[in-house]
Number of protein chains: 2
Amino acid sequence: MATIGMKELAKKLKLSTATVSKALRDSYDISEKTKQRVLKLAHELNYVPNAHASGLRGKKSKTIAVVIPEVADSYFAQAINGVETVAQKEGFHVLVYLTHEQVEKENLILQELLNGRVDGVLISVTSQSKDVTTIDKLISTGIPVVFFDRVFEGQGNGQITTDDFDASYKLTVHLIEQACKHIVFLLFSESLNISTQRMNGYKRALHEYGFNFTENNLLICTNQDQENKESIYKLLARKDRPDAIIASVEKLIMPTYLACMERNLVIPGNIRVAAFSNLVQAEILNPAITTITQPAFEMGKTAADLLLKALKGKPIDQEESNVVLPSVLEIRNSTKTPF
Amino acid sequence: MATIGMKELAKKLKLSTATVSKALRDSYDISEKTKQRVLKLAHELNYVPNAHASGLRGKKSKTIAVVIPEVADSYFAQAINGVETVAQKEGFHVLVYLTHEQVEKENLILQELLNGRVDGVLISVTSQSKDVTTIDKLISTGIPVVFFDRVFEGQGNGQITTDDFDASYKLTVHLIEQACKHIVFLLFSESLNISTQRMNGYKRALHEYGFNFTENNLLICTNQDQENKESIYKLLARKDRPDAIIASVEKLIMPTYLACMERNLVIPGNIRVAAFSNLVQAEILNPAITTITQPAFEMGKTAADLLLKALKGKPIDQEESNVVLPSVLEIRNSTKTPF
């Protein structure tokens, strides 16, 4: 696709390049109205500020930011290691920012990054993120943004995800094959792309095997462990108690296991449990837990590679900018049919 | 007029830069006599205790570095959250650097930080670190350094540790009270201060309860999971097979549990296992593992508070610069006497 330069953009807008440049940098001396006009057309005409614009920003910081919800999660910890491997090799520094799943915090961080402290941004958005404005601003300021795992579909300079739909479908089929008839899906966020994909893969499997999907099949969880444990505890007292639970993120494993223990329900005897998780200790849990394991390190590495390519102004083809890496279904005792 | 730096001052006084830095800050843990000596020479040689060298470095970066061995470890993940809480509140950015337990990498990182990219450094050293040269350079350049958990005794602008000796002593006594007669200590590093403290607490308990300590009581582990699993697997085939194992760091839990499983040894029936670990999932392991849990979040927070204080040039008294926070012994099934 043809790209447009800042000069043409200015011409079409009947503005000076300086004004356009300032608007793209979110400068205080440009009115909000003008900024909106510039951003709108820049977006429509696929304006790519690439290496040149970032060159205009002055001296490179040789630093990339990794913006993630939390670090106490095996997936993110492993992904950072992947990012770091690439960064160290290329002589880049890595700034890690934690959003703690708060969209306001994420926004503040991204706003701050507009000041040019970093050359590029890797991001896995919070469970509430929806607004793409600041991300767009970063990109038009010449700071490329690459999403990994938790992405905004079709946004940024690229995205690295896993086959969430397929993985979830496979896991659900596995549970159905273990004779599970009432599988409940613990949904972590209703707005996250990965949540939707995982939920849809689950729904598809139910549908294909002739099971109805009702609201009783979903339990919506929060970021609070205690709250989640209580919801699951209640779930386990329902008349139509589930015979299997899918935890759609790692942090839901603890509350699920604890709630089962407190209800004296044996896993897998009374109930099967599986999770999307990169927990190193999955094998030594009581019982060892069946997981969908994401290639976290590889994802971090691929995302960093892509970001550095964008940073250097190299052309990125569609295939590179939208990478889907396969997850692995690791079946362990928590979903096996007991003898 | 020629000025003299803190480093030359230290050299002429035959003192460490840390001591000179502390003396110039009127720290409580420097004797009045030494302070007078330092001040006298500083005056004679025209040392300018600017605000301070950091002022000379030019513009503040409002960034602190956290240099740690790895992020895929519950302790460090939780400690970063503690650091981050303070940093966000004070408007500081946090750069996370991973050394992957490689002293060469750590040195490169610290060398790089001399360029003034950050205003201060929080560090937990690698298992091989011994050399304090670059740390001294940082301090004399006006970049304060605070150690947490893995420290160089008496170095830096301060250190935050836990009561490793006492905690290890208590854990060992607990095992002895469970009738364990041959407890093996998995040592992670022979040079780390925390390893020595933990080993010494263990030795003290053995000694007090009349057990001999021989080389058979120690198994020296590495940073390689597979290698560790093999060593432990061999250990479990010895004629004098241990009846208890203390894993001195979290990463030794996996190889220990796996080696026991492969030898068909039941924990705690055949062998008790305990670990120094902040693993959130400790309670749902098979079996739930007895741990010494460090106040990781609090340690990160305290270290960051101390660093910011040093950064602002505020006086730091002895009590503040050497904080020892208590760990908690959490007894779970892995060390209980089975019925």
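Residue indices begin from 1 for each chain and proceed along its sequence in written order. Here the convention is simple: chains get letters from A, ligands get numbers from 1, in the order in which they are written. Reporting in this predicted model follows two pLDDT cut-offs: at least 70 for local features of residues, and 80 or more for side-chain atom pairs to be given and counted; totals over whole chains, interfaces and linings ignore these cut-offs and use all residues.

A. Fine view of the overall build of chain A. Secondary structure elements follow DSSP: runs of H or I no shorter than four residues count as helices, runs of E no shorter than two count as strands, and numbering proceeds from the N terminus. Along its length, chain A carries 13 helices and 12 strands. For the radius of gyration, the atoms used are the C-alpha atoms, and the globule rule reads 2.2 Å times the number of residues raised to 0.38. The C-alpha radius of gyration computed for chain A amounts to 22 Å, which stays within 12% of the reference 20 Å derived for 339 residues, consistent with globular compactness. Once the C-alpha set of chain A is aligned to its principal axes, its extents read approximately 75 × 40 × 35 Å. Looking at chain A as a whole, 49% of its 339 residues are labelled buried. Throughout, a pair of residues is in contact if the C-beta atoms placed from their backbones lie within 7 Å. When contacts within chain A are restricted to residue pairs at least 6 apart in sequence, those whose partners lie at least 24 apart make up 75%. Counts of 20 or more other C-beta atoms within 10 Å of a residue's own C-beta define buried residues, counts of 12 or fewer define exposed ones, and intermediate counts define partly exposed ones; C-beta atoms are placed from the backbone.

B. Quick peek at the domain arrangement of chain A. Per the annotation, domain bounds derive from an automatic or database assignment of domains. Partitioning chain A into domains gives domain 1 (1–47) and domain 2 (164–294 + 328–335). Inter-centroid distance (C-alpha atoms) of domain 1 of chain A to domain 2 of chain A is 47 Å.

C. Focus on the sheet that holds strand E10 (residues 290–293) of chain A. All names here are of chain A. Pairing is mixed in the open sheet, where six strands are placed in the order E7-E6-E8-E9-E10-E12. With partners counted over all chains shown, the strands left at the sheet margins are strand E7 (218–220) and strand E12 (328–330), one partner each. Neighbour to neighbour, the strand axes of the sheet diverge by 15 degrees on average, direction disregarded. DSSP-based pairing: two strands are paired if at least 2 bridges between them are found. When E10 meets E12, the two strands line up antiparallel, connected through three bridges. Considered in E12, the bridge of Ile292 is made with Leu329. Together, strand E6 (183–187), strand E8 (244–247), strand E9 (272–276), E10 and E12 form the strand contacts of helix H8 (residues 164–177), whose direction differs from that of E12 by roughly 25 degrees. Here the axes come from fitting lines to C-alpha atoms, over the contacting stretch only for helices, and the angles between their N-to-C directions go from 0 to 180 degrees.

D. Layout of the interface of chain B and chain A. The partner chain A presents 22 residues to the 22 residues of chain B that form the contact. Elements with a minimum of two residues in the side of chain B that touches chain A: helix H5 (74–89), strand E2 (93–98) and helix H11 (253–262) of chain B. If you tally residues by element for the side of chain B that touches chain A, the top one is H5 of chain B, at six residues. The residue classification treats Ala, Val, Leu, Ile, Met, Phe, Trp, Tyr, Cys and Pro as nonpolar and Asp, Glu, Lys and Arg as charged. All others, Gly included, are polar. Classifying every residue of the side of chain B that touches chain A by side-chain character gives 15 nonpolar, six polar and one charged.

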